[in-house]
Amino acid sequence: MRFIDLPVALLASLLACTLPASAEPFAYITNQGSHDVSVIDLAQQRVIATVPVGRSPAGVAVAGGASRVFVTNPDGKTVSVIDMRTQAVVASLPAGEGPLGIAASPDGTQVYVADWYAQRLLGFDARTLQPTLSIAVGRAPAGVAVHADGATVFVAERDDDSIAVVDVAQQRVRARIAVGRHPFALLFDAGRERLYALNVQSDDVSVIDTRALRVLATVKVGKAPYGAALAADGTRLYVTNQHDDSVSVIDAASLQPLATLQGFGHPEGVAAHEDRVYVVNWMDDDVSVLDAQTGRTLARIATGRNSRGFGAFIGAPATP
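Everything quoted here is computed from the prediction, not taken from an experiment.

To continue, consider the pairing of strand β24 (residues 267-273). β24 sits mainly inside the fold: 6 of its 7 residues count as buried. The pairing of β24 with strand β25 (residues 276-281) spans 5 bridges and is classified as antiparallel. Bridge pairing in β25 links Pro267 to Asn281. Counting the residues between successive antiparallel strands, the hairpin from β24 to β25 contains 2 residues, one of them, Glu274, with a positive phi of roughly 50 degrees.

Bringing the packing of aromatic side chains into the picture now. For any two aromatic rings, the description comes down to two numbers: the centre-to-centre distance and the angle of the planes. In total, this model carries 4 aromatic pairs according to the counting rule given. Between Phe154 and Phe188, the aromatic rings sit 6.2 Å apart at their centres with planes inclined by 20 degrees, giving stacked as the arrangement. In this pair, Phe154 is assigned in strand β13 (residues 152-157) and Phe188 in strand β16 (residues 183-189), connecting sequence segments 34 residues apart. For Phe154, a relative accessible area of 2% corresponds to the buried category.

In this structure, Gly269 sits in strand β24. C-alpha separation for the pair Gly269 and Gly76, spaced 193 residues apart in sequence, amounts to 21 Å. For Gly269, the residues in contact, after removing those within four places along its chain, are Thr240, Tyr278, Val279, Val280, Arg308, Gly309 and Phe313.

To continue, consider the pattern of salt bridges. Summed over all chains, the structure comprises 8 salt bridges. Here Arg176 ties to Glu157 by a salt bridge, and the two come within 2.9 Å at their closest N and O atoms. Highlighted residues: Arg176 in strand β15 (residues 172-178) and Glu157 in strand β13, separated in sequence by 19 residues. The exposure class of Glu157 is buried, given its relative accessible area of 0%. Glu268 is the partner of Arg308 in a salt bridge, and the nearest nitrogen-oxygen pair spans 2.8 Å. Highlighted residues: Arg308 in the loop between β27 (297-302) and β28 (314-315) and Glu268 in strand β24, separated in sequence by 40 residues. Each of the two residues, Arg308 as well as Glu268, counts as buried. One salt-bridge network, in which partners are shared between bridges, spans Asp284, Asp286 and Arg300.

Conventions adopted
Per chain, the residues get numbers from 1 upward, laid out in the order the sequence is written. Only residues with pLDDT of at least 70 are given local features in this predicted model, and only at 80 or more are side-chain atom pairs given and counted; all residues enter the totals for whole chains, interfaces and linings. Values shown for side chains rest on all heavy atoms present in the structure; no hydrogens or waters enter the calculation. Buried means the residue's accessible area, taken with a 1.4 Å probe over protein chains only, is under 20% of the maximum for its type, while exposed means over 50%, and partly exposed covers the values in between. A run of H or I in DSSP counts as a helix once it spans at least four residues, and a run of E counts as a strand once it spans at least two, with each numbered from the N terminus. Any two strands are treated as partners once DSSP identifies two or more bridges connecting them. Only Phe, Tyr and Trp rings take part, Trp by its six-membered ring, and two of them pair if their centres are within 6.5 Å. Stacked means planes under 30 degrees apart, edge-to-face means over 60, and tilted covers everything else. Whether two residues are in contact is decided by their heavy atoms: any pair within 4.5 Å suffices. The term salt bridge refers to a pairing of a side-chain nitrogen on Lys or Arg with a carboxyl oxygen on Asp or Glu at a separation within 4 Å.

Structure, rendered in structure tokens:
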């Protein structure tokens, strides 16, 4: 089955080739309702390209080392690969029965995908696009995060209320950590050796010590937390609360709540760059741009339909 309408994809590719070169990072926002990705130039604070991908895109991972972006299409059972220099799709990879969560290794050479329906973690080489890993994990795997050393991958096993700790070299689950109810998104904090697991049914965040592989603390947030990002030089943890239309701001050192921001539309994805935080509003079809220190809304950028941005959606291509 083909997931990209060829004339539309060809037109997008031709238009992308006329885009001005930019050293600034881009934000890649998956639009589940319009089956495309909005590319935002963070220097210009505007959408510079709309890239058709597969059916119902959800997850996104920027692999800057390979100058590529990987987008999961759960309804199409594929992963679309976008070239960051041309902003065009260059490949469509078969990815099990329902690829959802996705993350790239810190060096951008490997990409890991959670197959929601087949209950597997898949791996791909970000440059050759060849499969590198396929192992069984728990029920309804969702969010994925990669340790800074690239040797360990964490997978949220949503329906098992646990986090799988995967040894990449041995290609096996070496441990499981019990967390709150229905963990969905994951965020790795390299500076503190922590993993944040967002539990959508218990409305809290499990803070995991990745050395001892145990839960250090549980932080209450709003209803149905779906995305997390570290901002303001890693001092603040921003968590989107999808069913409260709010964003929780937490002191990352003390884990104390600082503020609850209002005025969002079913927020899901969130990422930070320099002094700004970008919150993806699923029901409002846009991205809120916030001041990382104060949480104040600076702008809103229109995107496609039903925007999700589930994953680390900001990055820049490798220097030639």
